[in-house]
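Remarks on the overall topology
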Amino acid sequence: MGGETSSKPRKVNNGIVAAVCLAFFTGMVGMAYAAVPLYKMFCQVTGYGGTTQRAEKQYAGRVLDRDITIRFDANTNGIPWQFEPVARSVTIKIGATAQAHYSATNKFDRAITGRASFNVQPEMAGAYFNKVECFCFTDTTLKPGETLDMPVVFYVDPDIVNVPELKDLKTITLSYTMFPVEKKQPVASSAPAAGSSNKVPDSEASLGG
């Protein structure tokens, strides 16, 4: 009898431990999913990793009598687009608002959706490169052969000259990489009905197939 009585607290304790472990595991999974958007937000606020700043105003408030050259770079990763800057570089005054243009052309035989990520080199300059308008992290769908002009409006914060490591900086490189965005096709329309056309739906699921 005594052995049966002592086993009850053990069962209760084991249940508590199991519940705590489950709660901890669930919390860790939730933190893992939240880490990506939180890291992205952190980078955009601080400029960490060459991520440019989100400009809350369209102008720096002051323009320095000093030139800086902005170089533009474009890359694609798994998307059949021709993606490139219209001009490879522009020289502006630090603090002046400027506009550059990228061009994207869908070279595939069906509509493709793309999304661009970006960074700045040198990385430390990301905190002082302010984008007023940008196409980054926005889904863009292009029809076969369609070309789209993609502008970006920006300025370099004059406070960059107060940073010892950046005070003599002459060139900043803004780089974009375009990725495909896969869109799941509804189950109801996954197979064409009898007698319907053979037109391929606007989906990237079968890209390259």
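Residues numbered from 1 in each chain as written. Predicted model: local features only at pLDDT ≥ 70, side-chain atom pairs only at ≥ 80, totals over all residues. Heavy atoms only, no water.

Per an unreviewed UniProt entry, the protein is named Cytochrome c oxidase assembly protein CtaG, and its organism is Mesorhizobium humile. Its UniProt record gives the protein a comment under Sequence similarities (unreviewed entry), which states: "Belongs to the COX11/CtaG family." Quoted verbatim from the Function (unreviewed entry) field of the UniProt record, the comment on the protein reads "Exerts its effect at some terminal stage of cytochrome c oxidase synthesis, probably by being involved in the insertion of the copper B into subunit I." (UniProt positions renumbered as here; feature names shortened; annotations may be inferred.)

1. Considering the sheet that holds strand 10 (residues 171–180)
Spatially, the 5 strands line up as an open sheet ordered 4-2-10-6-8, and their pairing is mixed. Whereas interior strands pair on both sides, the edge strands pair on one side only; in this sheet they are strand 4 (89–93) and strand 8 (140–142). The average undirected angle you get between the axes of adjacent strands in this sheet is 30°. In terms of strand pairing, strand 2 (residues 67–76) meets strand 10 through 8 bridges, oriented parallel. Note that in strand 10 the partner of Arg71 across the bridge is Thr173. (Pairing = 2+ DSSP bridges. Helix = DSSP H or I, 4+ residues; strand = E, 2+ residues; numbered from the N terminus. Axes fitted to C-alpha atoms, helices over the stretch in contact; angles between N-to-C directions.)

2. Focus on the side chain of Asn106
For Asn106, the position within the fold is in strand 5 (residues 98–106). Exposure remark for Asn106: the relative accessible area of 1% places this residue in the buried category. Within the structure, the side chain of Asn106 is placed 2.9 Å from the backbone oxygen of Arg110, a separation counted as a polar contact. When residues no more than four places from it in sequence are discounted, the contact partners of Asn106 are Pro80, Trp81, Ala111, Ile112, Leu142, Lys143, Pro144, Gly145 and Glu146. (Buried < 20%, exposed > 50% of the residue type's maximum accessible area, 1.4 Å probe, protein only. Polar contact = N/O pair within 3.5 Å; in protein donor to acceptor, adjacent residues only side chain to side chain. Contact = heavy atoms within 4.5 Å.)

3. Focus on the environment of Ala104
Looking at where Ala104 falls in the secondary structure, it is placed in strand 5. Looking at Ala104, the relative accessible area reads 0%, which means it is buried. Residues within four places of Ala104 in sequence aside, it is in contact with Trp81, Gln82, Phe83, Leu142, Glu146, Thr147, Leu148 and Met150.

4. A word on the environment of Ile172
Inspection of the secondary structure assignment puts Ile172 in strand 10. You can call Ile172 buried: its relative accessible area is 0%. Contact partners of Ile172, with chain neighbours within four places excluded, come to Ile68, Thr69, Ile70, Arg71, Val120, Gln121, Ala125, Phe129, Val156 and Ile160.

5. As for the pattern of salt bridges
Within the structure shown, the criterion is met by 5 salt bridges. Residue Asp109 pairs with Arg110 through a salt bridge whose shortest N-O separation is 3.5 Å. Residue classification places Asp109 among the exposed residues on the basis of a relative accessible area of 58%. Arg110 sits in the buried class, given a relative accessible area of 10%. Among the salt bridges present, the one from Arg115 reaches Asp139, with a minimum N-O distance of 2.6 Å. Placement of the pair is Arg115 in strand 6 (residues 112–121) and Asp139 in the loop between strand 7 (129–133) and strand 8, with a sequence separation of 24 residues. With a relative accessible area of 34%, Arg115 lands in the partly exposed category. Given the relative accessible area of 38%, Asp139 is considered partly exposed. Via salt bridges that share partners, Asp65, Asp67 and Lys93 belong to a single interconnected network. (Salt bridge = Lys/Arg side-chain N within 4 Å of Asp/Glu carboxyl O.)

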